Amino acid sequence: MAKRETPLLDQLEGGKWPSFVKDLKQAAEKSPMAEDLLGQLELSYKEKIGHWKHGGIVGVKGYGSGVIGRYSDCPERFPNVQAFHTMRINHPTGWFYKTDTLRRLCDVWDKHGSGLTNMHGSTGDAILLGTTTDHIQPCFDDLTEAGFDLGGSGSALRTPSACVGPGRCEWACIDSLDACYNITMDFQDKIHRPMFPYKFKIKIAACPNDCVASIARSDLAVIGTWKGDIRIDPGEVAAYAAAGFDIQAEVCDLCPTKCMEWDGKKLKIYNEDCTRCMHCINLMPKALRPGEEKGATILIGGKAPILQGALLSWVIVPFMKIEPPYGELKELILKIQDWWDENGKSRERLGELVKRMGMRVFLRAVGLPAVPQMVKAPRTNPYVFFWPEDIQKEVK
Amino acid sequence: MAPQTDIGPPDYKTMLPPVIARNYGKWRYHEIPEPGFMVHTAESGEKLYTVRAGSPRLLSTDHIREICEIADKYCDGYLRFTSRHNIEFLLSDKGKVAPLLAELEKRGYPVGGTGHAISNIVHTQGWVHCHTPATDASGPVKALMDEIYDYFVTMKLPNHVRIALACCLNMCGAVHCSDIAILGIHRTVPKPDNTRVPNVCEIPNTVASCPTGAIRGDMKTKTVTVNDEKCMYCGNCYSVCPAMPIADPDNDGISIWVGGKVSNARSAPSFSKLAIPFLPNNPPRWPEVVDAVKNIIEVYATHARKHERVGEWIDRVGWERFFSLTKIPFTDKHIDDFDMATETFHSSTLFKWR
């Protein structure tokens, strides 16, 4: 079909890395929407500017999120992308798929949309790129039939995501997949009906390697960790050494707390100094394993720069057991969201609110004790607030 | 019948290959015999073979069907995607690994992205589908991956290098904690169209959207003005007020940030820091951006010690050394002037000459 000339995009078809232009052209064989997308993108490449307008409000019955409105700013030239809305589809936790399920998703999208997707978006959803307003509801109905549901958008709980965890990883300290799925199912209302001051992201990583970037990218991060001693298999340690692996240089010397000693025969770990950074375990997975008492550290506040600068999540609960039905975790999340909902300004993320109100106020509101694990160091300024009850009221 | 709602995503448990279902939570260790090929061994002794392949992320349904066809042939119909958009073929039969690798090579799927490699670039929509981009996303990613392809299919770097691209400061791609971040930026102030502002914008929201307080609202006329001196072109006002367009083909472009990480391995997660304030948008292959990123990777590969991430290497040698080795000019734009700026200043005499 390819009726449009796309000399600039054509230059991105060559090269060793898989080309998105090939996928665009493949979709354009079947879909006039994809064909016009290709044309409009070529125009952007020529003019060095985007050609999409702000989204209007579009959606499906009973939901306030999951569909992002998108319109072309030059519909007279590209009428088939005049409306080109995105649908966010909540991915199966851990991004595991059976091919029959994936094919069903493809069939629905070929029927209702451009045939173009992102597998996946940054938050985790499968992104269906481009459909018209009148197709949104029928597409949603067919997606439901195929076993899929929409993810979050706007001032809602965004689609929670989790690392592969116990599905494949020997380092998993918590069942990241089950916890994420459980929370997702329990909080469907919060995902589909925006009711918060702004977006709220939850990410669950099963160990401190944090393969879902939860500290950087979520308002509430759950990260698997352990108490007690790293489990050592001395036979396997010896096997690594015998195979020529330099335990002193690659493990002990790079241990950030210098809590390991290797005398050429025996590996000794001073566990009380270990901060569970995973380096030694990452390098010697056969010989070293996380300790047996497992749980998670809960952190809050992570976000990208808009509005008041980027934040990395910080510790609010050093250790919590994460076991079905995840009551303690969910109760804490609800308390945090209630407080944020009560006090947050429009478009104020949780981290920004805590920054504005103070950890002291936050901790009291959600009923958490202050502990040294929360800070790198105590404050250096003397601008200290006291609660009224800290003060002796009656002056003698 | 009322339409069904809130059914949630498909249950992941129904998507797991039987070998995973049998050994769920009971994995013992893993090995990476070659780039893109991982073997996970369970306590039971059973093994799961994973082959990781690169993807453009923007996939047509027919491309997905092709992936399904491959997964049916070699993986009994089971696969997954990674948090960096790679495709993972999950096999229980070791005998099928070699034929799968051969088929992937024949079909042009790069296999790699494991261990000390450059994995796929996490990125945003860009001109393909976003309304606020300062650059494209898929295009620069494709151009760069073509050039650094070798680092995807090998494991020869000091550690892995995570690259991410966001096409504007909104950072849907949350690139702010990457070894190398490619960030689209605007450099000119938004121009409020005050004939449209009263109809399409809420003034208090628009005023509140500005991180530096550069926007002043006039509630009477329902218009806004922008203080050019205070505006740093983030575009957030445009996100809430469509009548304040900010895109500028001649001045929009890309900035490069380095040294961030998300994992807790060895050192704490950290933000990426500014390396190059501006590079021009030069579609379709963004040569300036590709060269700049390649240069940083190569200097890092030459000078970092084994297991050092980009940020850990820079922390050890110092930023003075980073700028002298990469030959990137240091400018006044590199010095922070936002609210926590002074924390980044050298309040000591403990610096290096280069």
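Sequence order as written defines the numbering, with residues in each chain counted from 1. As a convention, the first chain written is A and the first ligand written is 1, with the rest following in written order. At least 70 in pLDDT is required for a residue's local features to be given in this predicted model, at least 80 for side-chain atom pairs to be given and counted, and no such filter applies to totals for whole chains, interfaces and linings, which use all residues. By convention in this description, side-chain values take in all heavy atoms of the structure and omit both hydrogens and water.

## Description of the overall build of chain A
(1) Moving on: A helix here means a DSSP run of H or I that spans at least four residues, while a strand means a run of E at least two residues long, and both kinds are numbered starting from the N terminus. Looking only at helices and strands, one finds 14 helices and 16 strands in chain A.
(2) Moving on: When the backbone C-alpha atoms are referred to their principal axes, chain A occupies close to 75 × 75 × 40 Å.
(3) Moving on: Buried, partly exposed and exposed residues are distinguished by accessible area as a fraction of the type maximum, computed with a 1.4 Å probe on protein chains only: under 20%, between the cut-offs, and over 50%, respectively. For chain A, the proportion of its 396 residues judged to be buried stands at 59%.
(4) Moving on: A separation of at least 24 residues holds for 64% of the contacts in chain A among residues at least 6 apart in sequence.
(5) Moving on: Here chain A has roughly 16000 Å² of accessible surface; of this, 53% comes from carbon and sulfur atoms.
(6) Moving on: Lys and Arg are tallied as positive, Asp and Glu as negative. Neither His nor the chain termini are counted. For charged residues, the charge sits on one atom: NZ in Lys, CZ in Arg, CG in Asp, CD in Glu. Here chain A holds 50 positive side-chain charges and 50 negative ones, and the gap between their average locations is 4 Å. Whether two residues are in contact is decided by their heavy atoms: any pair within 4.5 Å suffices. The method behind every accessible area is Shrake-Rupley, applied with a 1.4 Å probe, and residues are considered shielded solely by the protein chains displayed.

## Some details on the sheet that holds strand S1 (residues 27-34) of chain B
(1) Moving on: By the convention used here, strands pair only if DSSP detects at least 2 bridges between them. Strands sit in the order S5(A)-S5(B)-S6(B)-S3(B)-S2(B)-S1(B) across an open sheet of 6 strands; the sheet is antiparallel. Both outer strands of the open sheet, strand S5 (96-98) of chain A together with S1 of chain B, are each paired with one neighbouring strand and no more. Averaged over all pairs of adjacent strands, the angle between strand axes in this sheet comes to 25°, irrespective of strand direction.
(2) Moving on: Think of each axis as a best-fit line through the C-alpha atoms, taken over the contacting stretch in the case of a helix, with angles from 0 to 180 degrees between the N-to-C directions. This element, helix H3 (residues 97-107) of chain B, spans strand S2 (37-42), strand S3 (47-53) and strand S6 (87-91) of chain B of the sheet and lies at about 5° to S3(B).

## Quick notes on the state of the cysteines
Residue and element names in this part refer to chain B.
(1) Moving on: The rule for a disulfide is simple: a pair of cysteine sulfur atoms within 2.5 Å. A full pass over the atoms with the stated rule returns 1 disulfide over all chains.
(2) Moving on: The residue that forms a disulfide with Cys201 is Cys241, at a sulfur-sulfur distance of 2.1 Å. Taking the sign of the S-S torsion, 75° for the link of Cys201 and Cys241, the bridge is right-handed. Within this pair, whereas Cys201 is found in the loop between helix H6 (197-200) and helix H7 (203-208), its partner Cys241 is found in the loop between helix H8 (236-240) and strand S12 (253-258), the two being separated by 40 residues in sequence.

## A few points about the interface of chain B and chain A
(1) Moving on: If you look at the interface, chain B gives 114 residues, while chain A gives 116 residues.
(2) Moving on: The junction of chain B with chain A conceals about 10000 Å² of combined surface from both sides, 60% of it contributed by carbon and sulfur atoms.
(3) Moving on: Salt bridge, as applied in this entry: a Lys or Arg side-chain nitrogen positioned within 4 Å of an Asp or Glu carboxyl oxygen. Here chain B is connected to chain A by 12 salt bridges.
(4) Moving on: The shortest N-O distance in the salt bridge between Asp72(B) and Arg103(A) comes to 2.7 Å.
(5) Moving on: Here a polar contact means two N or O atoms within 3.5 Å. Within protein one must be a hydrogen donor candidate and the other an acceptor candidate, and residues neighboring in sequence count only if both atoms are side-chain atoms. Counting the contacts that link chain B with chain A gives 63 residue pairs in polar contact (both at pLDDT 80 or more). Accessible area that two parts lose when put together, with a 1.4 Å probe and added across both, is what the buried area reports.

## Describing the nonpolar core
(1) Moving on: One finds Met87(A), Ile298(A), Ile322(A) and Phe89(B) to be the most contacted residues of the largest nonpolar core, which totals 98 residues.
(2) Moving on: Not counting the four nearest positions on each side in its chain, Met87(A) is found in contact with Gly66(A), Val67(A), Trp109(A), Ala126(A), Ile127(A), Leu128(A), Thr131(A), Ile136(A), Cys139(A), Phe140(A), Leu143(A) and Leu150(A). Joining through side-chain atoms within 4.5 Å is the link that ties buried Ala, Val, Leu, Ile, Met, Phe, Trp, Tyr and Cys residues into a set, and such a set is a nonpolar core.

## Some remarks on the packing of helix H9 (residues 287-303) of chain B against helix H11 (residues 319-326) of chain B
All names here are of chain B.
(1) Moving on: For the pair H9 and H11, interaxial distance at closest approach is 10 Å and the crossing angle is 115°. For H9 against H11, the interelement crossing comes out right-handed. Facing Asn295, Ile296, Val299 and His303 of H9, the residues of H11 in contact are Phe322, Leu325 and Thr326.
(2) Moving on: Nonpolar residues are Ala, Val, Leu, Ile, Met, Phe, Trp, Tyr, Cys and Pro. Charged residues are Asp, Glu, Lys and Arg, and all others, Gly as well, are polar. Of the residues that constitute the contact of H9 with H11, the class distribution is 4 nonpolar, 3 polar and no charged. Each crossing gets its handedness from the near helix: less than a right angle anticlockwise from the far helix is left-handed, clockwise is right-handed.

## Overview of the sheet that holds strand S13 (residues 273-280) of chain B
Residues and elements named next belong to chain B.
(1) Moving on: Taking strand neighbours across the sheet as the criterion, the 5 strands line up as S7-S8-S9-S12-S13 in an open arrangement whose pairing is mixed. One side of each edge strand has no neighbouring strand; the edge strands of this open sheet are strand S7 (122-123) and S13.
(2) Moving on: Examined bridge by bridge, strand S8 (residues 163-166) and strand S9 (residues 180-185) share 4 bridges and lie parallel to one another. Bridge assignment links Ile163 to a residue of S9, and that residue is Ile180.
(3) Moving on: Sheet strands touched by H11: S12 and S13. Its angle to S13, the strand with the most contacts, is close to 30°.

## With respect to the pattern of salt bridges
(1) Moving on: Inspection of every chain in the model, using the stated rule, returns 40 salt bridges over all chains.
(2) Moving on: A salt bridge links Arg168(A) to Glu88(B); its shortest N-O distance comes to 2.7 Å. Note that Arg168(A) is positioned in the loop between strand S8 (161-162) and helix H6 (176-186) and Glu88(B) in strand S6, a pairing that runs across two chains. When sorted by exposure, Arg168(A) lands in the same class as Glu88(B), which is buried.
(3) Moving on: The partner of Glu103(B) in a salt bridge is Arg107(B), with the nearest N and O atoms 2.8 Å apart. With Glu103(B) and Arg107(B) both in helix H3 and 4 residues apart, this pair spans about one turn of that helix.
(4) Moving on: Under the relative-accessibility criterion, Glu103(B) is labelled buried at 7%.

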